[in-house]
Amino acid sequence: MKSPLLSCLLVAAATSTLTGCDELDDILDNESGKNGQISISLADAPVDNLTEVSITVTAIELKPKDESASTYTFDNPKRFDLLDLQNGNSALLLTEDKVRAGDYNWMRLVLSDASGAHYVVDRIGGQYPLVVPSGSESGLKINTGFSVPKNGEGRFTIDFDARKSLVEPESNTTDYLLKPSLRLVNNEDVGSISGTVDASTVVAPECDDAQTYAGLVYVFEGEDASMDDIGSANPPVVVAPLQGASGNYSFKASFLSAGDYTVSYPCDEDDIEANDSLNFVRERNVQVTAGSSTTTDIQ
(Lines give C-alpha, C1' and ligand atoms only; values in the text may rest on other atoms or scores of the structure.)
Protein backbone atom coordinates (compact mmCIF):
# COMPACT_ATOMS: atom_id res chain seq x y z
CA MET A 1 0.00 0.00 0.00
CA LYS A 2 1.36 3.40 -0.98
CA SER A 3 1.84 5.97 1.76
CA PRO A 4 -0.07 9.29 1.51
CA LEU A 5 3.23 11.08 0.80
CA LEU A 6 4.16 8.68 -2.00
CA SER A 7 0.70 9.00 -3.53
CA CYS A 8 1.02 12.75 -3.42
CA LEU A 9 4.40 12.66 -5.17
CA LEU A 10 3.17 10.26 -7.83
CA VAL A 11 0.20 12.48 -8.64
CA ALA A 12 2.46 15.53 -8.77
CA ALA A 13 4.79 13.74 -11.18
CA ALA A 14 1.91 12.62 -13.36
CA THR A 15 0.52 16.14 -13.62
CA SER A 16 3.96 17.71 -14.26
CA THR A 17 3.21 20.61 -11.97
CA LEU A 18 4.49 22.03 -8.72
CA THR A 19 1.09 21.66 -7.07
CA GLY A 20 1.38 21.11 -3.32
CA CYS A 21 -0.18 18.18 -1.48
CA ASP A 22 -2.94 20.31 0.00
CA GLU A 23 -3.95 21.46 -3.46
CA LEU A 24 -3.77 17.87 -4.74
CA ASP A 25 -6.10 16.82 -1.95
CA ASP A 26 -8.50 19.50 -3.15
CA ILE A 27 -8.34 18.16 -6.70
CA LEU A 28 -8.95 14.60 -5.55
CA ASP A 29 -11.83 15.73 -3.33
CA ASN A 30 -13.49 17.46 -6.26
CA GLU A 31 -13.02 14.44 -8.51
CA SER A 32 -14.64 12.17 -5.94
CA GLY A 33 -17.61 14.53 -5.55
CA LYS A 34 -16.90 15.57 -1.99
CA ASN A 35 -16.79 19.31 -2.60
CA GLY A 36 -18.90 22.06 -4.07
CA GLN A 37 -18.88 25.83 -4.23
CA ILE A 38 -20.94 28.40 -2.40
CA SER A 39 -21.74 32.05 -3.08
CA ILE A 40 -23.56 34.12 -0.46
CA SER A 41 -25.01 37.59 -1.00
CA LEU A 42 -26.58 40.10 1.37
CA ALA A 43 -29.77 42.06 0.59
CA ASP A 44 -32.17 44.26 2.55
CA ALA A 45 -35.74 45.50 2.64
CA PRO A 46 -36.20 49.30 2.73
CA VAL A 47 -36.66 51.23 5.97
CA ASP A 48 -38.16 54.65 6.72
CA ASN A 49 -36.56 57.73 8.33
CA LEU A 50 -32.92 56.66 7.85
CA THR A 51 -30.46 57.27 5.03
CA GLU A 52 -27.82 54.73 6.09
CA VAL A 53 -27.75 51.52 8.14
CA SER A 54 -24.17 50.21 8.26
CA ILE A 55 -22.82 46.98 9.66
CA THR A 56 -19.31 45.53 9.44
CA VAL A 57 -18.83 41.80 8.87
CA THR A 58 -15.49 40.06 9.48
CA ALA A 59 -16.30 36.44 8.60
CA ILE A 60 -18.98 33.86 7.77
CA GLU A 61 -19.39 30.64 9.70
CA LEU A 62 -21.02 27.57 8.07
CA LYS A 63 -22.20 24.49 9.99
CA PRO A 64 -22.32 21.21 8.03
CA LYS A 65 -24.92 18.74 9.23
CA ASP A 66 -22.46 16.12 10.47
CA GLU A 67 -19.29 18.14 11.00
CA SER A 68 -17.96 21.01 13.04
CA ALA A 69 -18.57 24.55 11.83
CA SER A 70 -16.03 26.18 9.53
CA THR A 71 -15.18 29.90 9.59
CA TYR A 72 -14.32 31.89 6.44
CA THR A 73 -12.53 35.04 7.58
CA PHE A 74 -12.25 37.99 5.20
CA ASP A 75 -8.82 39.48 4.51
CA ASN A 76 -10.35 42.84 5.44
CA PRO A 77 -13.64 43.52 7.29
CA LYS A 78 -16.53 44.27 4.93
CA ARG A 79 -18.80 47.23 5.66
CA PHE A 80 -22.29 47.21 4.17
CA ASP A 81 -24.82 50.02 4.03
CA LEU A 82 -27.99 47.91 4.09
CA LEU A 83 -30.00 50.68 2.47
CA ASP A 84 -27.92 50.28 -0.71
CA LEU A 85 -29.20 46.71 -0.94
CA GLN A 86 -32.86 47.31 -1.79
CA ASN A 87 -35.27 46.53 -4.62
CA GLY A 88 -33.41 43.42 -5.73
CA ASN A 89 -29.87 44.75 -5.22
CA SER A 90 -27.39 42.66 -3.25
CA ALA A 91 -23.71 42.52 -2.27
CA LEU A 92 -21.47 39.45 -2.33
CA LEU A 93 -20.11 38.09 0.92
CA LEU A 94 -18.55 34.90 -0.46
CA THR A 95 -17.88 34.25 -4.16
CA GLU A 96 -17.54 30.67 -5.39
CA ASP A 97 -15.70 29.57 -2.26
CA LYS A 98 -15.00 25.86 -2.11
CA VAL A 99 -16.78 24.02 0.71
CA ARG A 100 -17.72 20.47 1.55
CA ALA A 101 -20.79 19.39 -0.44
CA GLY A 102 -23.88 18.28 1.44
CA ASP A 103 -26.44 19.52 3.93
CA TYR A 104 -25.82 22.40 6.34
CA ASN A 105 -27.70 23.33 9.51
CA TRP A 106 -27.04 27.09 9.67
CA MET A 107 -24.78 29.98 8.78
CA ARG A 108 -23.63 32.95 10.86
CA LEU A 109 -22.35 36.43 10.05
CA VAL A 110 -19.47 37.29 12.38
CA LEU A 111 -19.60 40.98 13.26
CA SER A 112 -16.76 43.36 13.99
CA ASP A 113 -16.26 44.37 17.62
CA ALA A 114 -14.43 47.59 16.64
CA SER A 115 -15.75 50.89 17.95
CA GLY A 116 -18.06 52.57 15.44
CA ALA A 117 -18.34 49.48 13.25
CA HIS A 118 -22.15 49.59 13.24
CA TYR A 119 -24.23 52.77 12.99
CA VAL A 120 -27.22 54.53 11.40
CA VAL A 121 -27.63 57.98 9.82
CA ASP A 122 -30.96 59.78 9.95
CA ARG A 123 -32.50 62.13 7.36
CA ILE A 124 -30.95 65.25 8.88
CA GLY A 125 -27.44 63.78 8.93
CA GLY A 126 -27.22 62.66 12.54
CA GLN A 127 -25.13 59.53 13.10
CA TYR A 128 -26.01 57.18 15.97
CA PRO A 129 -24.59 53.88 17.26
CA LEU A 130 -26.26 50.66 16.19
CA VAL A 131 -26.09 48.26 19.12
CA VAL A 132 -26.21 44.52 18.42
CA PRO A 133 -26.79 42.62 21.69
CA SER A 134 -24.05 39.95 22.00
CA GLY A 135 -23.16 40.70 18.38
CA SER A 136 -19.41 40.42 18.83
CA GLU A 137 -19.82 37.04 20.56
CA SER A 138 -22.71 35.35 18.74
CA GLY A 139 -22.89 37.31 15.49
CA LEU A 140 -26.02 37.12 13.35
CA LYS A 141 -27.16 33.52 13.02
CA ILE A 142 -29.55 32.22 10.33
CA ASN A 143 -31.07 28.96 11.55
CA THR A 144 -32.14 27.78 8.12
CA GLY A 145 -30.85 24.59 6.56
CA PHE A 146 -29.36 24.59 3.05
CA SER A 147 -27.48 22.28 0.71
CA VAL A 148 -24.39 22.61 -1.47
CA PRO A 149 -24.44 20.32 -4.55
CA LYS A 150 -21.56 17.98 -5.35
CA ASN A 151 -19.26 19.48 -7.97
CA GLY A 152 -21.75 22.33 -8.33
CA GLU A 153 -22.49 25.73 -6.80
CA GLY A 154 -25.05 26.74 -4.21
CA ARG A 155 -26.03 30.41 -4.53
CA PHE A 156 -27.86 31.99 -1.61
CA THR A 157 -28.98 35.41 -0.43
CA ILE A 158 -29.42 36.57 3.16
CA ASP A 159 -32.36 38.96 3.25
CA PHE A 160 -31.56 41.33 6.09
CA ASP A 161 -34.85 43.07 6.84
CA ALA A 162 -33.82 46.31 8.54
CA ARG A 163 -37.45 47.41 8.83
CA LYS A 164 -38.23 44.43 11.07
CA SER A 165 -34.87 44.55 12.84
CA LEU A 166 -34.32 48.15 13.94
CA VAL A 167 -35.66 49.47 17.23
CA GLU A 168 -35.51 53.25 17.61
CA PRO A 169 -33.81 54.80 20.66
CA GLU A 170 -35.68 55.09 23.93
CA SER A 171 -35.98 58.48 25.61
CA ASN A 172 -32.81 58.07 27.67
CA THR A 173 -30.45 57.03 24.85
CA THR A 174 -29.48 57.77 21.24
CA ASP A 175 -28.54 54.16 20.46
CA TYR A 176 -30.52 52.21 17.88
CA LEU A 177 -30.99 48.55 18.73
CA LEU A 178 -30.65 45.72 16.21
CA LYS A 179 -32.90 42.70 16.72
CA PRO A 180 -32.03 40.93 13.48
CA SER A 181 -34.71 39.46 11.23
CA LEU A 182 -32.82 37.37 8.69
CA ARG A 183 -34.16 35.17 5.91
CA LEU A 184 -32.10 32.80 3.75
CA VAL A 185 -33.21 32.05 0.18
CA ASN A 186 -31.82 29.91 -2.62
CA ASN A 187 -31.18 32.17 -5.62
CA GLU A 188 -32.29 29.42 -7.99
CA ASP A 189 -35.77 29.44 -6.45
CA VAL A 190 -36.67 33.12 -6.09
CA GLY A 191 -38.70 35.68 -7.99
CA SER A 192 -40.28 39.02 -7.17
CA ILE A 193 -43.60 40.87 -7.07
CA SER A 194 -43.91 44.38 -8.43
CA GLY A 195 -46.75 46.68 -9.29
CA THR A 196 -48.51 49.95 -8.60
CA VAL A 197 -50.92 51.36 -6.03
CA ASP A 198 -53.26 54.07 -7.28
CA ALA A 199 -53.85 57.34 -5.45
CA SER A 200 -57.44 56.50 -4.52
CA THR A 201 -56.21 53.50 -2.54
CA VAL A 202 -53.55 55.53 -0.74
CA VAL A 203 -56.20 57.94 0.55
CA ALA A 204 -58.86 55.28 1.18
CA PRO A 205 -61.27 56.11 4.05
CA GLU A 206 -60.11 53.02 5.94
CA CYS A 207 -56.61 54.44 6.27
CA ASP A 208 -56.26 56.50 9.44
CA ASP A 209 -52.81 57.84 8.54
CA ALA A 210 -53.46 58.51 4.84
CA GLN A 211 -52.65 62.23 5.04
CA THR A 212 -49.20 61.76 6.58
CA TYR A 213 -48.07 58.27 5.60
CA ALA A 214 -48.01 56.74 2.11
CA GLY A 215 -47.90 53.23 3.50
CA LEU A 216 -46.39 49.89 2.58
CA VAL A 217 -47.34 46.83 0.58
CA TYR A 218 -47.37 43.71 2.76
CA VAL A 219 -46.59 40.25 1.34
CA PHE A 220 -47.73 37.16 3.26
CA GLU A 221 -46.98 33.50 2.57
CA GLY A 222 -49.83 31.43 1.14
CA GLU A 223 -53.04 32.07 -0.75
CA ASP A 224 -55.74 33.95 1.21
CA ALA A 225 -53.28 34.17 4.10
CA SER A 226 -54.13 35.41 7.57
CA MET A 227 -52.68 38.92 7.76
CA ASP A 228 -51.35 40.87 10.73
CA ASP A 229 -48.73 43.44 11.68
CA ILE A 230 -44.96 42.99 11.74
CA GLY A 231 -44.73 42.07 15.44
CA SER A 232 -47.57 39.53 15.37
CA ALA A 233 -47.82 35.76 15.10
CA ASN A 234 -48.66 36.17 11.38
CA PRO A 235 -46.12 38.74 10.20
CA PRO A 236 -45.50 39.53 6.54
CA VAL A 237 -42.59 37.86 4.78
CA VAL A 238 -41.68 41.15 3.10
CA VAL A 239 -42.90 44.74 3.32
CA ALA A 240 -42.28 47.03 0.36
CA PRO A 241 -42.60 50.83 0.60
CA LEU A 242 -44.35 52.89 -2.03
CA GLN A 243 -42.12 54.90 -4.32
CA GLY A 244 -42.91 57.82 -6.58
CA ALA A 245 -45.15 60.85 -6.56
CA SER A 246 -48.82 61.10 -5.69
CA GLY A 247 -50.95 59.19 -8.17
CA ASN A 248 -48.02 57.16 -9.51
CA TYR A 249 -46.94 54.89 -6.67
CA SER A 250 -44.98 51.70 -7.35
CA PHE A 251 -43.52 48.90 -5.23
CA LYS A 252 -41.23 45.88 -5.55
CA ALA A 253 -40.85 42.91 -3.19
CA SER A 254 -37.72 40.88 -4.03
CA PHE A 255 -36.09 37.54 -3.11
CA LEU A 256 -39.38 35.67 -2.64
CA SER A 257 -39.25 31.89 -2.87
CA ALA A 258 -41.46 30.45 -5.61
CA GLY A 259 -45.01 29.83 -4.40
CA ASP A 260 -48.29 31.47 -3.48
CA TYR A 261 -48.58 34.77 -1.63
CA THR A 262 -51.21 37.22 -0.44
CA VAL A 263 -50.47 40.88 -1.15
CA SER A 264 -52.29 43.70 0.62
CA TYR A 265 -52.02 47.39 1.37
CA PRO A 266 -52.39 48.92 4.84
CA CYS A 267 -51.47 52.59 4.88
CA ASP A 268 -51.47 52.73 8.69
CA GLU A 269 -48.12 52.99 10.45
CA ASP A 270 -46.78 49.79 11.98
CA ASP A 271 -44.73 49.90 15.20
CA ILE A 272 -42.68 46.69 15.41
CA GLU A 273 -42.59 46.97 19.21
CA ALA A 274 -46.40 47.20 19.50
CA ASN A 275 -49.42 45.09 18.58
CA ASP A 276 -51.01 47.32 15.95
CA SER A 277 -54.44 46.86 14.42
CA LEU A 278 -53.95 47.55 10.71
CA ASN A 279 -56.64 48.09 8.09
CA PHE A 280 -55.71 45.81 5.20
CA VAL A 281 -57.38 46.78 1.92
CA ARG A 282 -57.36 45.51 -1.67
CA GLU A 283 -56.01 41.99 -1.02
CA ARG A 284 -54.53 40.09 -3.97
CA ASN A 285 -53.45 36.46 -4.40
CA VAL A 286 -50.19 36.29 -6.35
CA GLN A 287 -48.08 33.37 -7.56
CA VAL A 288 -44.32 33.84 -7.72
CA THR A 289 -42.30 31.92 -10.29
CA ALA A 290 -38.56 31.37 -9.93
CA GLY A 291 -36.50 33.67 -12.09
CA SER A 292 -39.29 36.09 -12.99
CA SER A 293 -41.19 39.09 -11.67
CA THR A 294 -44.95 38.86 -11.20
CA THR A 295 -46.91 42.07 -11.67
CA THR A 296 -49.98 42.96 -9.66
CA ASP A 297 -51.67 46.34 -9.34
CA ILE A 298 -53.57 47.38 -6.20
CA GLN A 299 -56.45 49.59 -7.21
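Residues numbered from 1 in each chain as written. Predicted model: local features only at pLDDT ≥ 70, side-chain atom pairs only at ≥ 80, totals over all residues. Heavy atoms only, no water.

Chemist: Can you lay out the overall build of the protein chain for me, pointing to particular residues and giving the numbers?
Modeler: The helix and strand tally for the protein chain stands at five helices and 20 strands. Counting only residues that meet the buried cut, the protein chain has 46% of its 299 residues in that class. Put simply, 73% of the contacts in the protein chain that link residues at least 6 apart link residues at least 24 apart. A total accessible area of about 14900 Å² is found for the protein chain, and carbon and sulfur atoms account for 44% of it. (Helix = DSSP H or I, 4+ residues; strand = E, 2+ residues; numbered from the N terminus. Buried < 20%, exposed > 50% of the residue type's maximum accessible area, 1.4 Å probe, protein only. Contact = heavy atoms within 4.5 Å. Areas by Shrake-Rupley, 256 points an atom, 1.4 Å probe, with all protein chains shown as cover.)

Chemist: Give a description of unusual backbone geometry that names residues and reports values.
Modeler: A negative phi holds for most residues other than glycine; trans holds for most peptide bonds. Positive phi outside glycine occurs at Asn151, with the angle close to 55 degrees. Note on placement: Asn151 falls in the loop between strand 9 (146-148) and strand 10 (153-161). In this structure, Asp224 takes a positive phi of about 50 degrees despite not being glycine. Looking at the element boundaries, Asp224 is found in the loop between strand 15 (216-221) and strand 16 (238-241). Asp224 gets classed as exposed once you look at its relative accessible area, which sits at 58%.

Chemist: For the sheet that holds strand 20 (residues 293-295), give the residues involved together with the corresponding values.
Modeler: Here we have three strands laid out as an open sheet, ordered 17-14-20, and mixed in their pairing. Each end of this open sheet is capped by a strand with a single partner; those strands are strand 17 (249-257) and strand 20. Along the sheet, successive strands turn relative to each other by an average axial angle of 20 degrees, direction set aside. Sheet topology note: the strand 14 (residues 190-197)/strand 17 ladder contains seven bridges and is antiparallel. (Pairing = 2+ DSSP bridges. Axes fitted to C-alpha atoms, helices over the stretch in contact; angles between N-to-C directions.)

Chemist: Quick one: what's the story with the pattern of salt bridges, residue by residue and with numbers?
Modeler: Following the criterion strictly, the structure yields four salt bridges and no others. Between Glu188 and Arg155 there is a salt bridge, with its nearest N and O atoms 2.5 Å apart. One end of the pair, Glu188, is in the loop between strand 13 (182-186) and strand 14; the other, Arg155, is in strand 10, and 33 residues separate them in sequence. (Salt bridge = Lys/Arg side-chain N within 4 Å of Asp/Glu carboxyl O.)

Chemist: Break down the side chain of Gln86 for me, citing the residues and quoting the values.
Modeler: As for its placement among the helices and strands, Gln86 is situated in the loop between strand 3 (70-81) and strand 4 (91-100). A polar contact is formed between the side chain of Gln86 and the backbone oxygen of Leu83, at a distance of 3.1 Å. (Polar contact = N/O pair within 3.5 Å; in protein donor to acceptor, adjacent residues only side chain to side chain.)

Chemist: Got a sec to walk through the packing of aromatic side chains? Specific residues and values, please.
Modeler: The relative placement of two aromatic rings is captured by the distance of their centres and the angle of their planes. Counting across every chain of the model gives six aromatic pairs. Taken together, a centroid distance of 5.0 Å and an interplanar angle of 10 degrees make the contact between Tyr104 and Phe146 stacked. Residue Tyr104 is found in strand 5 (residues 102-111), and its partner Phe146 is found in strand 9; the two are separated by 42 residues along the sequence. Grouping residues by exposure puts Tyr104 and Phe146 together as buried. Of the aromatic side chains, those joined through ring pairs into one cluster are Tyr104, Phe146 and Phe156. The ring of Phe74 is capped by Lys78, whose NZ or CZ atom sits 4.3 Å from the centre of that ring. Over the face of the ring belonging to Trp106 we find Lys141, whose NZ or CZ atom lies 4.4 Å from the ring centre. (Phe/Tyr/Trp six-rings, centres within 6.5 Å; stacked < 30°, edge-to-face > 60°. Lys NZ or Arg CZ within 6 Å of the ring centre and 35° of its normal.)

Chemist: Just give me the short version of the confidence of the model for the protein chain, but keep the residues and values in it.
Modeler: Considering every residue of the protein chain, the mean pLDDT works out to 81; 80% of them sit at 70 or more. Per-residue pLDDT, averaged within each element of the protein chain, yields its smallest value for helix 1 (residues 4-15) (41) and its largest for strand 9 (96). Considering only residues more than four positions removed or in separate chains, one finds that residues 1-25, a stretch of pLDDT under 50, has nine contacts. (pLDDT = per-residue confidence, 0-100.)

Chemist: Any details on the environment of Ser264? Residues and values, ideally.
Modeler: Summarising the element assignment, Ser264 is placed in strand 18 (residues 259-265). On a C-alpha basis, the gap between Ser264 and Leu216 in space is 8.8 Å, while along the polypeptide they are 48 residues apart.

Chemist: Help me get a handle on the sheet that holds strand 10, residues and values and all.
Modeler: The sheet built from four strands is open, its strands ordered 4-1-10-13 with mixed pairing. The open sheet has two free edges, formed respectively by strand 4 and strand 13, since each of these has just one partner strand. Across the sheet, the mean angle from the axis of one strand to that of its neighbour is 25 degrees, orientation sign disregarded.

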